[in-house]
Amino acid sequence: MVAIGAPTEVAGLALAGVTVLVAEQPEEAVAAWAALPGGTALVLVGRAAAQALGPARLDATEPLTAVLP
């Protein structure tokens, strides 16, 4: 499981064993998505990162993606 987003959105997830990729700028979110480890099944995405990634990536069937509230 991987989380991509601003530190305030994703930092606490590291305590649960989630791999956290901090992305404060749109290009960082795109780069983090491109660097997802092989075999990633679930990606939790912060709101700004989701906007930067767009529906083409978020609506894909793999990996399963959920936007954080």
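For the structure itself, consult the block above.
In this report, we go over the structure that sits alongside the text. (Residues numbered from 1 in each chain as written. Predicted model: local features only at pLDDT ≥ 70, side-chain atom pairs only at ≥ 80, totals over all residues. Heavy atoms only, no water.)

**So, unusual backbone geometry**
Apart from glycine, the bulk of residues carry a negative phi angle, and the bulk of peptide bonds sit in the trans form. Residue Glu 62 is joined to Pro 63 through a cis peptide bond whose omega torsion reads -10°. Inspection of the secondary structure assignment puts Pro 63 in the loop between helix H3 (47-58) and strand E4 (64-67). (Helix = DSSP H or I, 4+ residues; strand = E, 2+ residues; numbered from the N terminus.)

**Details of the sheet that holds E4**
Strands sit in the order E2-E1-E3-E4 across an open sheet of 4 strands; the sheet is parallel. What marks the edges here is a single partner per strand, and that holds for strand E2 (19-22) and E4. Averaged over all pairs of adjacent strands, the angle between their axes in this sheet comes to 20°, without regard to strand direction. Lying over the sheet, helix H2 (residues 26-34) contacts strand E1 (2-5), E2, strand E3 (42-45) and E4, oriented at roughly 165° with respect to E1. The strands touched by H3 are E1, E3 and E4; relative to E3, the strand with the most contacts, the crossing angle is about 135°. (Pairing = 2+ DSSP bridges. Axes fitted to C-alpha atoms, helices over the stretch in contact; angles between N-to-C directions. Contact = heavy atoms within 4.5 Å.)

**So, the environment of Glu 24**
Relative to the helices and strands, Glu 24 resides in the loop between E2 and H2. What makes Glu 24 exposed here is its relative accessible area of 56%. Spatially, the C-alpha atom of Glu 24 lies 9.9 Å from that of Thr 8, the residues being 16 residues apart in sequence. (Buried < 20%, exposed > 50% of the residue type's maximum accessible area, 1.4 Å probe, protein only.)

**Some words on H3**
Over its 12 residues, H3 runs only 12 Å from end to end, short of the ideal 16 Å by more than 12%, given 1.5 Å per residue. Looking at H3, one finds that the buried residues are Ala 49, Ala 50, Leu 53, Gly 54 and Leu 58. On the buried face of H3, the contacting elements are E1, H2, E3 and E4. (Expected span 1.5 Å × (residues − 1).)

**Some words on the pairing of E1**
On E1, burial covers both faces: Val 2 and Ile 4 on one face and Ala 3 and Gly 5 on the other are all buried. Here 4 bridges tie E1 to E2, and the two strands are oriented parallel to one another. When the sheet's bridge partners are listed, Ile 4 is paired in E2 with Leu 21.

**A closer look at the nonpolar core**
Counting residues in each nonpolar core, the largest one holds 13 residues, and the members touching the most others are Ile 4, Trp 33, Leu 36, Val 43 and Val 45. Within the residue set of this core, elements represented by two or more residues are E1, H2, E3 and H3. Beyond its immediate sequence surroundings of up to four residues, Val 43 is in contact with Val 2, Ile 4, Trp 33, Leu 36, Pro 63, Leu 64, Thr 65 and Ala 66. Grouped together as the second largest cluster of nonpolar side chains are 5 residues, Ala 3, Val 10, Val 18 and Leu 68 included. (Core = buried A, V, L, I, M, F, W, Y, C linked by side-chain atoms within 4.5 Å.)

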